[in-house]
Amino acid sequence: MNAKLNPSVLAEGADLSLHNLSRRRFLHGGAALTLGFVLPAAAADKLPAAGPGKAGDGLAAAVKFEPNAFLRIGADNSVTVIAKHLEMGQGTHTGLATLVAEELDADWAQVRVEGAPADAARYNNLFWGPSQGTGGSTAMANSWEQLRKAGAAGRAMLVNAAARKWGVAAGDIAVSNGVLSHAASGRKASFGELAVEAAKEAVPAEVRLKDPKDFKLIGKHAKRKDSAAKTNGSARFTQDVHLPGMLVAVVAHPPQFGATVKSFDDRKARQVKGVVDVVAIPQGVAVLARDTWSAKKGRDALSVVWDDSAAFKLGSAEILARYKEMARTPGKIARQQGNTDAAFAAAARVVEASYDFPYLAHAAMEPMNCVIQLTADGAEVWNGEQFQTIDQAVLAKVLGLKPEQVRLNMLYAGGSFGRRASKDVDYLVEAAHIVKAIKGRVPGNPAVKLVWLREDDMRGGYYRPLFHHALQAAIDANGRLTGWRHRLVGQSILIGSPFEAFLVKDGIDGVSVEGASNLPYAIPNLTVDLHTPTDIKVPVLWWRSVGSSHTAFSTEAFLDEVAAAMGKDPVALRLELLAEHPRHAAVLRLAAEKAGWTTPLAAKPGERRGRGVAVHESFNSYVAHVAEVTVARDGTIKVDRIVSAVDCGTPINPDNIRAQVEGGIGFGLCAMNNAITLKDGKVEQGNFDGFAPLRIGDMPQVEVHIVPSQKAPTGIGEPGVPPVLPAVANAVAAATGKRLRDLPFDTRALAV
Amino acid sequence: MIKLNVNGKAVNVDVAPDTPLLWALRDTLQLTGTKYGCGQAMCGACTVHLDGEPTRSCVLPVSAAVGRRITTIEAVDSGKVGHAVQEAWRKLDVVQCGYCQSGQIMSAVALLSHNRKPSDADIDAAMSGNLCRCATYVRIRAAIHEAAKTLA
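Just so it is clear, the model here is predicted, and its values are computed rather than measured.

Caption draft 1: Fine view of the interface of chain A and chain B. Counting residues at the interface gives 60 residues for chain A, matched by 51 residues for chain B. Per-residue buried area on chain A facing chain B is highest for Thr231, Met365 and Ile696 of chain A; these three make up 18% of the total on that side. Run the count over chain A and chain B and you get 7 salt bridges. A salt bridge links Arg26 of chain B to Asp240 of chain A, with the nearest nitrogen and oxygen atoms 3.0 Å apart. At the surface where chain A touches chain B, the tally comes to 33 residue pairs in polar contact (both at pLDDT 80 or more). Contributing elements (two or more residues each) for the side of chain A that touches chain B: α8 (292-300), α13 (454-458) and α19 (654-670) of chain A. Broken down by element, the residue count for the side of chain A that touches chain B peaks at 9 residues, all from α19 of chain A. Considering only residue class, the side of chain A that touches chain B consists of 27 nonpolar, 17 polar and 16 charged.

Next up, the structure:
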């Protein structure tokens, strides 16, 4: 076994880090930072750089100075930032390290990142109360002050240590690129040289943060900390975990949601070389083997009879028909202003349209998986951990343990897009049931790696919910937009989940209507209402940008239709209606200007080209996209270019903002041509032939423009997604005169 | 026992002959840089080089790799092109989640080994079998051009 991946060493590291810290509150702002102290050298030597979360690389030097829960400085001059949020591609580890390093005045090259263990007392998401987790594009926003203060506290302690050692005033000491210096005496020292002394200094009660004009890393291009490991094969994902004696589990899942195992015959499966055991669990039948391929072969050799008496058996077409029927009557009011009925009664003209959105899979490149090992004092889990506090509590319940007995190792996630933030901890619970089922049957209680094959992942549910939207606009005799009705029908993500108590109010699931109920446009009479069917048993979940993944489309595509009906330019109408929303207006203006909105798009004779725009706020960030498309004679749409403008507050790392917007555009475009569909309750797609992420040839040119800002930073992992498809649909309408209102796009209607 | 040549070393793997090379690399040899994504040669996450040619290891029985030179991401920087590609990927911060990037790099190295000055169209054609759900494609194109520049 590769020493670097030796799990027993990693496990000891996690143990030390969890138990050798005393806790003392020392900063304002709700953050309970902990005060560490020098670890015994022998123990510290074993502490791995990659560990408790094990997402880092290389081995650490002895720990010498740990001023708080987020920072450790080694005698070898290494600066380790403990990242409380999951790195799933969005650049969080780099961003969090940037905040600490900025205020510490560290040299970026000496900074390393390590994933935090599960410990909500120290590592909670400040926007989520006492809960640790990553999501909602909150990582940088909630850490903005907390981690800069953590860095500043470390810096102050280093400075005080130097002042004491050199017998000079702390105010005369400068810190730059990881070096402390005293100009008058010419003395200098690295962080590493002062680590032992700094650990003896008092933790400052207050710290002063830098004036933004003095930032050296924030707003500049701090290079990603995970680039090296992710380009040489050494980055460690859950799929890569190997433990001594570990078994791989592949599970036969029922073909319909809600079906259960009636009986099974495992004789052939057990004959497959490498298969060790076959067990029934609530989620299906698990085959355990020495390696993945044997487990797969074993599963394929199983014969299972399913009990479908409680299974959900509707198809997508029937679900959609029901939703359209429901949309005929008013739903629960999500927003009401003015007198909408009166506005429509007085309207000179009414525009109406409806929009359909299918189920969508997250389809992360790393299918869902996790590793669980029962230990003498509890259980240890390896996972691309996104919801530590919830996962710990739910796994503890299944395994008959206390939450603190469940130790979580946060590894890199090979994408998530919301999937690993499982509201009911689905795949982890499945793994826990397997571990429970083999306890006492397989000697030594080996660790189990649950591996979902691509088909398990794609058919496993937890989709972006299918939605139907119906919209109407009232235009009065003076040509003014006076009324707006928006009705949505779709399953709730939150009802029935642990989040219901916090986020569902008066029967309205906030994430069903986000982006619709907070429509920014100045329309005096407006009604948004919602139907939430409760008899559709398809598991649904947040999918990158959540409610905005459908509401941005219906609102922005419909407003374009309204603009056309009013004979107004789509940008001009939006700006007229956004007088009270300057941040929306600013990104819209910037994107339009950079795209050359007022200059006609060049097209060869006979070519159908068009430009479309959309603007949308999600997660407190504002994004406008201008799309340029070419529509072929057979109706095929080629998205040539997206010009984007973004306001996400202070840009912490502009290059990463561009990367997230580029990626968000590609992620959003995938939904042009893809859907998860059900027939008789069975998911029709199983692999990338049926549901295909965008390929490189379909990726447009992308230009991202960032609005300068000194406001607090907001998220960027998700906000690039919502305005992509409406901008494309609006561009197609400009090119062809035809409106695409349903996803995925049926391009046959565009053929000439 | 099946004898393989992996990254310049002779190794023995004790697996059934129908086992895909991917799982022999990952589970038996613990060369986990090569990834599982689809099992059907549709996503390219499992791309390795077989005698220098990009090959989807998830559908290649290990018995078919006997007597061939197998190169994985772990050894790709030992070649001049591989090193240039890795450096370009790092310079432009191509990666996001990173799970598909081993396969992307293996395909890019194969492209540049045959074509030192690929156009965007050449890149799109050579890389069309490698999916990236994070859609890092803008940077993949740019990094391949960047590597081509350093190799020129």
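Now that the structure has been shown, we can carry on.
Caption draft 2: Region of interest: the domain arrangement of chain B. Residues and elements named next belong to chain B. The assigned domain composition of chain B is domain 1 (2-75) and domain 2 (77-151). Spacing between the C-alpha centres of domain 1 and domain 2 amounts to 20 Å. Of the residues lining the interface, 19 residues belong to domain 1; the matching set on domain 2 comes to 15 residues. Taken together, the two surfaces of domain 1 and domain 2 that pack against each other cover about 1,300 Å², and 54% of this comes from carbon and sulfur. Inspection of the domain 1/domain 2 interface yields 0 salt bridges. Taken together, the connections running from domain 1 to domain 2 amount to 9 residue pairs in polar contact (both at pLDDT 80 or more). Breaking the side of domain 1 that touches domain 2 down by element, the ones donating at least two residues are β3 (47-50) and β4 (53-56). Of the residues in the side of domain 1 that touches domain 2, the class split is 8 nonpolar, 7 polar and 4 charged.

Caption draft 3: Spotlight on the sheet that holds strand β9 (residues 187-190) of chain A. Residue and element names in this part refer to chain A. The strand order across the open sheet formed by 3 strands is β7-β8-β9, and the pairing between neighbours is antiparallel. Every interior strand has two partners, whereas the edge strands, β7 (173-176) and β9, have only one. The mean angle between the axes of side-by-side strands here comes to 20°, regardless of whether they run parallel or antiparallel. Pairing analysis gives 4 bridges linking strand β8 (residues 179-182) to β9, with the strands arranged antiparallel. Across the sheet, Leu180 pairs through a bridge with Ala189, a residue of β9.

Caption draft 4: Seen up close, the packing of aromatic side chains. In this structure the tally under the stated criterion is 18 aromatic pairs over all chains. With a centroid separation of 5.3 Å and an interplanar angle of 90°, the aromatic rings of Phe237 of chain A and Tyr99 of chain B are classed as edge-to-face. Residue Phe237 of chain A is found in the loop between α6 (191-198) and β10 (247-252), and its partner Tyr99 of chain B is found in the loop between α2 (80-91) and α3 (101-114); the two belong to separate chains. For the pair Phe237 of chain A and Tyr99 of chain B, a shared accessibility class is recorded, and that class is buried. Feature note: the residues Trp128, Phe387, Phe499 and Trp542 of chain A constitute an aromatic cluster, connected by ring pairs. One residue, Arg464 of chain A, lies across the ring of Trp543 of chain A, its end atom 5.8 Å from the ring centre.

Caption draft 5: The environment of Thr94 of chain A, seen in detail. Residues and elements named next belong to chain A. Checked against the element boundaries, Thr94 lands in helix α3 (residues 92-104). The exposure class assigned to Thr94 is buried, which follows from its relative accessible area of 2%. Taking the C-alpha atoms as reference points, Thr94 and Asn656, separated by 562 residues in sequence, lie 9.1 Å from one another. A distance of 2.9 Å separates a polar atom in the side chain of Thr94 from the backbone nitrogen of Lys225.

Caption draft 6: Examining unusual backbone geometry more closely. Residues and elements named next belong to chain A. Note the cis peptide between Leu743 and Pro744, where omega equals -10°. Within the secondary structure layout, Pro744 lies in the segment after α20 (724-736). Backbone geometry places Ser137, a non-glycine residue, at a positive phi of 50°. Secondary-structure assignment places Ser137 in the loop between α4 (120-123) and α5 (139-166). Taking the relative accessible area as the measure of exposure, Ser137 reaches 15% and is therefore buried.

Caption draft 7: Structural view of the pairing of strand β25 (residues 525-531) of chain A. All names here are of chain A. For β25, a buried count of 7 out of 7 residues is recorded, marking the element as mostly surrounded by other parts of the structure. With 5 bridges joining them, strand β15 (residues 332-337) and β25 adopt antiparallel strand pairing. Paired with Gln337 across the strands is Leu526, a residue of β25. Bridge analysis of strand β22 (residues 481-490) against β25 gives 7 bridges, and the strand direction is parallel. Within β25, the residue paired with Trp484 across the bridge is Leu526.

Caption draft 8: Spotlight on the domain arrangement of chain A. All names here are of chain A. On domain assignment, one finds that chain A holds domain 1 (2-232), domain 2 (238-309 + 368-451) and domain 3 (316-359 + 463-750). With 19 residues of domain 1 in contact, the opposing surface of domain 3 contributes 18 residues. Per-residue buried area on domain 1 facing domain 3 is highest for Gln90, Ser137 and Trp144; these three make up 37% of the total on that side. Summed over the shared surface of domain 1 and domain 3, the result is 0 salt bridges. The interface formed by domain 1 and domain 3 includes 7 residue pairs in polar contact (both at pLDDT 80 or more). Elements with a contribution of two residues or more to the side of domain 1 that touches domain 3: α3 and α5. Tallied by class, the residues present in the side of domain 1 that touches domain 3 amount to 8 nonpolar, 9 polar and 2 charged.

Caption draft 9: Up close: the sheet that holds strand β28 (residues 637-647) of chain A. Residues and elements named next belong to chain A. Pairing in this open sheet of 4 strands is mixed, and the strands run β26-β27-β28-β31 from one edge to the other. One side of each edge strand has no neighbouring strand; the edge strands of this open sheet are β26 (608-618) and β31 (701-706). With direction set aside, neighbouring strand axes in the sheet form an average angle of 15°. In this sheet, β28 lies alongside strand β27 (residues 621-631) in antiparallel orientation, the contact comprising 10 bridges. When the bridges of β28 are listed, Val626 appears paired with Val643.

Cut-off values and rules
Residues numbered from 1 in each chain as written. Chains lettered and ligands numbered in written order. Predicted model: local features only at pLDDT ≥ 70, side-chain atom pairs only at ≥ 80, totals over all residues. Heavy atoms only, no water. Contact = heavy atoms within 4.5 Å. Buried area = accessible area lost by both parts, 1.4 Å probe. Salt bridge = Lys/Arg side-chain N within 4 Å of Asp/Glu carboxyl O. Polar contact = N/O pair within 3.5 Å; in protein donor to acceptor, adjacent residues only side chain to side chain. Helix = DSSP H or I, 4+ residues; strand = E, 2+ residues; numbered from the N terminus. Nonpolar A, V, L, I, M, F, W, Y, C, P; charged D, E, K, R; others polar. Domains from an automatic or database assignment. Pairing = 2+ DSSP bridges. Axes fitted to C-alpha atoms, helices over the stretch in contact; angles between N-to-C directions. Phe/Tyr/Trp six-rings, centres within 6.5 Å; stacked < 30°, edge-to-face > 60°. Buried < 20%, exposed > 50% of the residue type's maximum accessible area, 1.4 Å probe, protein only. Lys NZ or Arg CZ within 6 Å of the ring centre and 35° of its normal.

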